[in-house]
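Per-entry structural report
Okay, here's what each chain looks like letter by letter:
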Protein chains: 2
Amino acid sequence: MDRQLPDLSALRPAGSKRSSKRDSVLEVFLRQEGHVSADDLFDLVRRETAGIGRATVYRTLQWLVGAGVARKVDFGDGRARFEPAYRHPRHFHLICTRCHSSSEFLSSDVESLLEEIAAARQFTTTQATVQISGICEQCRTGRPTPPVDGATTEMVFARDALRMAIATERSGLDFYTRAAGLTKDPRGRSIFQKLAAEEGEHLGTLETRYRELLAGDPALESRPTFLFFKGAASGLFAEGSKQLRQGVNDQEALLIGIKCERGSHKFFKKYGERFEDSEGKQVFLEFAEEERVHLDLLMREYRALRQRQTKPSPRGRAARRPRTRS
Amino acid sequence: MDRQLPDLSALRPAGSKRSSKRDSVLEVFLRQEGHVSADDLFDLVRRETAGIGRATVYRTLQWLVGAGVARKVDFGDGRARFEPAYRHPRHFHLICTRCHSSSEFLSSDVESLLEEIAAARQFTTTQATVQISGICEQCRTGRPTPPVDGATTEMVFARDALRMAIATERSGLDFYTRAAGLTKDPRGRSIFQKLAAEEGEHLGTLETRYRELLAGDPALESRPTFLFFKGAASGLFAEGSKQLRQGVNDQEALLIGIKCERGSHKFFKKYGERFEDSEGKQVFLEFAEEERVHLDLLMREYRALRQRQTKPSPRGRAARRPRTRS
DNA sequence: CTAGGTGCAAATAATTTGCAGAGGC
DNA sequence: GCCTCTGCAAATTATTTGCACCTAG
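Residues numbered from 1 in each chain as written. Chains lettered and ligands numbered in written order. Predicted model: local features only at pLDDT ≥ 70, side-chain atom pairs only at ≥ 80, totals over all residues. Heavy atoms only, no water.

This part covers the protein's contact with DNA strand D. Near DNA strand D lie 23 residues; those nearest to it are Lys17, Ser19, Gly51, Ile52 and Thr56 of chain B. Restricting the count to atoms of DNA strand D within 4 Å of the protein gives a sugar and phosphate share of 71%. Gln62 of chain A places a side-chain nitrogen or oxygen 3.3 Å from a phosphate oxygen of DNA strand D. Take Ala80 of chain A: an N or O atom from its main chain is 2.7 Å from a phosphate oxygen of DNA strand D. Elements with a minimum of two residues in the surface near DNA strand D: α4 (54-67) of chain A together with α2 (20-31) and α4 (54-67) of chain B. Here the element with the most residues in the surface near DNA strand D is α4 of chain A; it accounts for five residues. (Near = heavy atom within 4 Å. Polar contact = N/O pair within 3.5 Å; in protein donor to acceptor, adjacent residues only side chain to side chain. Helix = DSSP H or I, 4+ residues; strand = E, 2+ residues; numbered from the N terminus.)

Now the structure itself:
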């Protein structure tokens, strides 16, 4: 609950003055957890600061949206809702048409697909909206669901980022193990075995971190999924999976590994970068970095291998200096 | 352009009367291709039928939405748009914020993911909205894009349904061919070879149909993709792909085939069923049916195999009548 | 002192509603 | 003739604007 407020002076548009009214609107707004309509916020502000006009609230919200502090969401009921953007990843909504509550989710797969679709249509995306309307569990069963505050959202996001990293790692471990089992060539097999060992080690690290995160809040694990993922976890190795044959030699094994690690690194880097500063973002970027280290190792190994291959068979210019590329 | 109108008498809510005014609103509405706002429609109707009130248009649209003839879409600019639902598959939108045009797309993958997400949250979906906002190609490059009318949409949908079926078939052919190459057991291999041959044959049929469709309109092939798919085409065989090993015998091969064909059948049947009557829907349902035929064949073969396996080793009750299950 | 911020009230803009009259069954 | 539909105008709702006044820099 003790979230740091963003640096407001930096966010303030050029040539604007500070104002106690605006500050109090902002203060009340940032205290809100869910979505507020402009009018809701007006009432809330009025309750503690008398003499504030409705127009000020509207104007402040416009300013906040422009500054990226607030996000405007449209649930289609004719009134705009606003939510604090700070430390909230950009997300999608499930909207209950009966109780008008809304819960949030994220799906890296949906995001990737939408990106691809926009690219295919030569469309420059500025924003993607995904909303699922229907009846929520609470309304259907009558069972109440505990509300989530901002700090919880943050932790759930971190939890899911870790889960995604772990699933990817596991998928990698699985892939390399399978690859090692299938590969007849001893050098190719040994490459895959080494990769599997590395993935296994990193998997352990991630799992420890996951347990540590859960230790902070025992209820965390049972909270509903916020970030859905499939493609990243399993899809990143699907391409490599298709290239597996018995006759994979060390060079091919390295190339397969390079392709997988590069895909994984790129994906997590790009994905992590979309978020505001948060634990979850950290998880993604660190994971991406880890994959980059693997990738570098593989690349070095691949280059060394090519070198070794070229030397014993000096077919062309045998005088070429070793260790120099192109 | 010669689209059949839906049976309006059937759609009319109980206890409602026919009315020339309403009919003329409806008639003008159904003639529209893109999205109209209530006010746009009001103007359009006024132009040819004098003395129609704005309220009537609003009321008629409400009624049409309730009857499923129209769909209401919210582009977030404060005014609702309406589009004819008839012979238009439920779709998603790309909205250009500069020229306020909108184009449509569909993604079986996004749809599946959203379904899964809703299910994970125990949420009963009534509607899913996906909107990508940004700048369209036309606005960025100045190059005009030819508009698409309803008949074209219908054909593009059919085209993409066929493409999806073809891609799936190709993916199946690829998978079974790979499986046959990898399988050492001669009986297992022969199963996969037979499956590959069947997929190849069906692929030919689909491709012929695709060519026939294109023959009707040479420009059809170059139109932008409407239906995006990945998972169905490649994902359906991913599971089976993982189970491939050298030592797959005939029984296991059959089981893998059964799993793949069943997944494919189910997916296409369910997906086809979501659409209004159209050529595209036909393609999906026929494809599903074809997969079901394959599935049945495999199942019969599997049962026969089990039978054969049980007979030569009469471990328990050897007196059991053959050809009787359970 | 002055540019911007503010409250209030009035303006807008999309849509709905009340009501008296018209029209289908 | 009854019951629903219709047009018009007035009402409602969410949001913006005009304007005289206020306040921070």
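For the rest of this paragraph, the subject is the protein's contact with DNA strand C. Around DNA strand C, 23 residues are found, and the nearest of them are Lys17, Ser19 and Thr56 of chain A together with Lys17 and Ala80 of chain B. Atoms of DNA strand C within 4 Å of the protein belong to the sugar or the phosphate in 65% of instances, the rest to bases. A distance of 3.4 Å separates a phosphate oxygen of DNA strand C from a polar atom in the side chain of Arg79 of chain B. Here a phosphate oxygen of DNA strand C sits 2.7 Å away from a polar atom, N or O, in the main chain of Ala80 of chain B. Mapped by element, the contributors of at least two residues to the surface near DNA strand C are α2 (20-31) and α4 of chain A together with α4 of chain B. The element best represented in the surface near DNA strand C is α4 of chain B, accounting for five residues. Looking at side-chain class alone, the surface near DNA strand C contains five nonpolar, eight polar and 10 charged residues. (Nonpolar A, V, L, I, M, F, W, Y, C, P; charged D, E, K, R; others polar.)

Moving on, we get to the sheet that holds strand β1 (residues 36-37) of chain A. All names here are of chain A. The three strands lie next to each other as β1-β3-β2, forming an open sheet whose pairing is antiparallel. The sheet terminates laterally at β1 and β2 (70-74), the two strands that pair on one side only. Across the sheet, α2 touches β1, β2 and β3 (80-84), and the angle it forms with β3 is around 85°. (Pairing = 2+ DSSP bridges. Contact = heavy atoms within 4.5 Å. Axes fitted to C-alpha atoms, helices over the stretch in contact; angles between N-to-C directions.)

Time to look at the domain arrangement of chain A. On domain assignment, one finds that chain A holds domain 1 (19-86), domain 2 (88-145) and domain 3 (150-309). The distance between the C-alpha centroids of domain 1 of chain A and domain 3 of chain A comes to 41 Å. (Domains from an automatic or database assignment.)

At the junction of the two partners, chain B supplies 44 residues and chain A supplies 44 residues. Taking both sides of the interface into account, the surface hidden between chain B and chain A amounts to around 3900 Å²; carbon and sulfur atoms contribute 59%. When residues of chain B are sorted by the area they lose upon contact with chain A, Ile117, Arg121 and Phe123 of chain B head the list and together hold 19% of the total. Connecting chain B to chain A are two salt bridges. Of the charged contacts in the structure, one is a salt bridge between Lys230 of chain A and Glu116 of chain B, with a shortest N-O distance of 2.9 Å. Inspection of the region where chain B meets chain A yields 20 residue pairs in polar contact (both at pLDDT 80 or more). The dominant element in the side of chain B that touches chain A, judged by the number of residues it contributes, is strand β6 (residues 124-135) of chain B, at 12 residues. (Buried area = accessible area lost by both parts, 1.4 Å probe. Salt bridge = Lys/Arg side-chain N within 4 Å of Asp/Glu carboxyl O.)

Positive phi, close to 55°, is recorded for Gln122 of chain A, a residue that is not glycine. Note on placement: Gln122 of chain A falls in the loop between α5 (108-120) and β6 (124-135).

Before going further, it helps to examine helix α3 (residues 38-48) of chain A. All names here are of chain A. Taken together, the buried positions of α3 are Ala38, Leu41, Phe42 and Val45. In a view along the axis of α3, the buried residues occupy a sector of 105°, so they form one face of it. Of the surrounding elements, those touching the buried residues of α3 are α2, β1, α4 and β3. (Buried < 20%, exposed > 50% of the residue type's maximum accessible area, 1.4 Å probe, protein only. Arc of directions from axis to C-beta.)

What follows is about the packing of helix α7 (residues 150-182) of chain A against helix α8 (residues 186-215) of chain A. Residue and element names in this part refer to chain A. α8 packs onto α7 with a crossing angle of 160° between their chain directions and a minimal axis gap of 8 Å. Our classification of the angle between α7 and α8 gives roughly antiparallel. In this structure, α7 crosses over α8, and the sense of that crossing is left-handed. Along the lines of polarity and charge, the residues of the contact of α7 with α8 split into 16 nonpolar, five polar and eight charged. (Parallel < 35°, antiparallel > 145°, perpendicular 65-115°, else oblique. Left-handed = near helix turned anticlockwise from the far one by under 90°.)

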